[in-house]
Amino acid sequence: MKRHTCIPAALLALVAIAATTACSTPAPPPKPSLFVRLGGMAGVTAVVDDFVSKVSADPRSKRTFEGVNLARLKASVVSHVCALSGGPCKYEGDAMALAHRGMAITSDELSVMGHYVDQALQRQGVAREDREELERMLDKLGPEVLNK
Ligand code: HEM
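If you're wondering where the values come from, they're calculated on a predicted model, not measured in any experiment.

Engineer: Got a sec to walk through the overall build of the protein chain? Specific residues and values, please.
Structural biologist: From N to C terminus, the protein chain includes seven helices and zero strands. Element order for the protein chain, N to C, with α for helix and β for strand: α-α-α-α-α-α-α. Across the 148 residues that make up the protein chain, the buried fraction comes to 31%. Excluding contacts between residues fewer than 6 apart, the proportion of contacts in the protein chain whose partners are at least 24 apart in sequence is 72%. Carbon and sulfur atoms make up 62% of the accessible area of the protein chain, which amounts to about 9,800 Å² in all.

This is the structure we're talking about:
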């Protein structure tokens, strides 16, 4: 009698296991980091090189770059963007408020830079949602850059 009551339970368990195995789809692979989606070190370097060259030459935004060592600045911004986007870098420069202290950067100058960042990302073939993800991260730093 005891054996009879156990059989349906065992059968049920088997059916449950079979159903779970048959219906479960493999978990999707984890999304690569934004750093990878930006093209890794080569992509980030190309993007930074592009937008820093543009923003430091545009008459609307070039004033703060006078006398600045652009090669050193680009290397520091690469490391910053790399760390920000989940890459393997450790940013060792100044925090954003300190780095831009005394420059009195305006929101117009910030917008000029934002425009060149987007253009550089597009030229590098970065997908729209990935561009927007980085731009949201940079937007969050706006108040620090403006020292507001
Ligand atoms: C979210 C926006 C911005 C980010 C994430 C950013 C990031 C950086 C970083 C990482 C540095 C290097 C700091 C260091 O090495 O200690 C830097 C320096 C600098 N930034 Fe920005 N920046 C932003 C906006 C701007 C804007 C809008 C301007 C001007 C239009 C600007 C002008 C400069 C200049 C001139 C330096 C060099 C300072 C020096 O070496 O004396 N930045 N920025």
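Engineer: Before we move on, can you summarise the coordination of the iron atom of the ligand with the specific residues and values?
Structural biologist: Of all protein atoms, just one serves as a donor to the iron atom of the ligand, and that atom is His100 (NE2), at 2.0 Å. The residue His100 is located in the loop between α5 (96-99) and α6 (107-123) in this model.

Engineer: Lay out the packing of helix α4 (residues 70-84) against helix α7 (residues 128-145) in plain terms, naming residues and giving numbers.
Structural biologist: Two elements in contact, α4 and α7, have axes whose closest approach is 11 Å; the angle formed by their N-to-C orientations is 115 degrees. Relative to α7, α4 is oriented roughly perpendicular. For α4 against α7, the interelement crossing comes out right-handed. Only Leu134, Met137, Leu138 and Leu141 of α7 make contact with α4, whose side of the interface consists of His80, Val81 and Leu84. Each residue belonging to the contact of α4 with α7 can be placed in one class, and the counts come to six nonpolar, one polar and no charged.

Engineer: Tell me about the site of the ligand, and please be specific about residues and values.
Structural biologist: Surveying the vicinity of the ligand reveals 22 residues, the closest of which are Thr64, Leu73, Ser76, Asp94 and His100. Taking Ser76, its side chain carries an N or O atom lying 2.7 Å from an oxygen atom of the ligand. The backbone of Asp94 places a nitrogen or oxygen atom 2.8 Å from an oxygen atom of the ligand. Judged by the proximity of its atoms to the pocket grid, the ligand belongs to the largest pocket.

Definitions and cut-offs
- Within each chain, residue numbers correspond to sequence positions counted from 1 in written order.
- Reporting of local features is limited, given that this is a predicted model, to residues whose pLDDT is at least 70; pairs of side-chain atoms are given and counted only at 80 or more, and all residues count toward the totals for whole chains, interfaces and linings.
- The side-chain values count all of the structure's non-hydrogen atoms but skip hydrogen atoms and water molecules.
- Helix numbering and strand numbering both begin at the N terminus, where a helix is a DSSP run of H or I of at least 4 residues and a strand a DSSP run of E of at least 2.
- Buried, partly exposed and exposed residues are distinguished by accessible area as a fraction of the type maximum, computed with a 1.4 Å probe on protein chains only: under 20%, between the cut-offs, and over 50%, respectively.
- Any two residues whose heavy atoms approach within 4.5 Å are treated as being in contact.
- In this description, accessible areas are obtained by the Shrake-Rupley approach with a 1.4 Å probe, and a residue is regarded as covered only by the protein chains that are shown.
- Coordinating donors are taken to be N, O and S atoms lying within 2.8 Å of the metal, or within 3.2 Å when the metal is Na, K or Ca; because water is excluded from the atom set, some sites may appear incomplete.
- Interaxial angle, 0 to 180 degrees, is taken between N-to-C directions of lines fitted to C-alpha atoms, where a helix line uses only the stretch in contact.
- The cut-offs work like this: below 35 degrees is roughly parallel, past 145 is roughly antiparallel, 65 to 115 is roughly perpendicular, and the gaps in between are oblique.
- Two helices crossing with the near one rotated counterclockwise from the far one by less than a right angle form a left-handed crossing, whereas a clockwise rotation gives a right-handed crossing.
- Just so you know the grouping, Ala, Val, Leu, Ile, Met, Phe, Trp, Tyr, Cys and Pro go in nonpolar, Asp, Glu, Lys and Arg go in charged, and all remaining residues, Gly too, go in polar.
- By convention in this text, a residue qualifies as near a molecule or strand provided that one of its non-hydrogen atoms is within 4 Å of it.
- Any pair of N or O atoms that falls within 3.5 Å is considered a polar contact. Within protein, one atom must be able to donate a hydrogen and the other to accept it, and sequence-neighbouring residues count only if both atoms are side-chain atoms.
- Site definitions follow a grid-based scheme: protein atoms alone, a 1 Å grid, a 1.4 Å probe that fits but cannot get out for cavities, and for pockets an open set with protein on both sides within 12 Å along at least five of seven lines, plus lining residues having an atom within 4 Å of a point.
- To decide whether a molecule occupies a pocket or cavity, check its atoms: if more than half lie within 2 Å of the grid points, it is inside.

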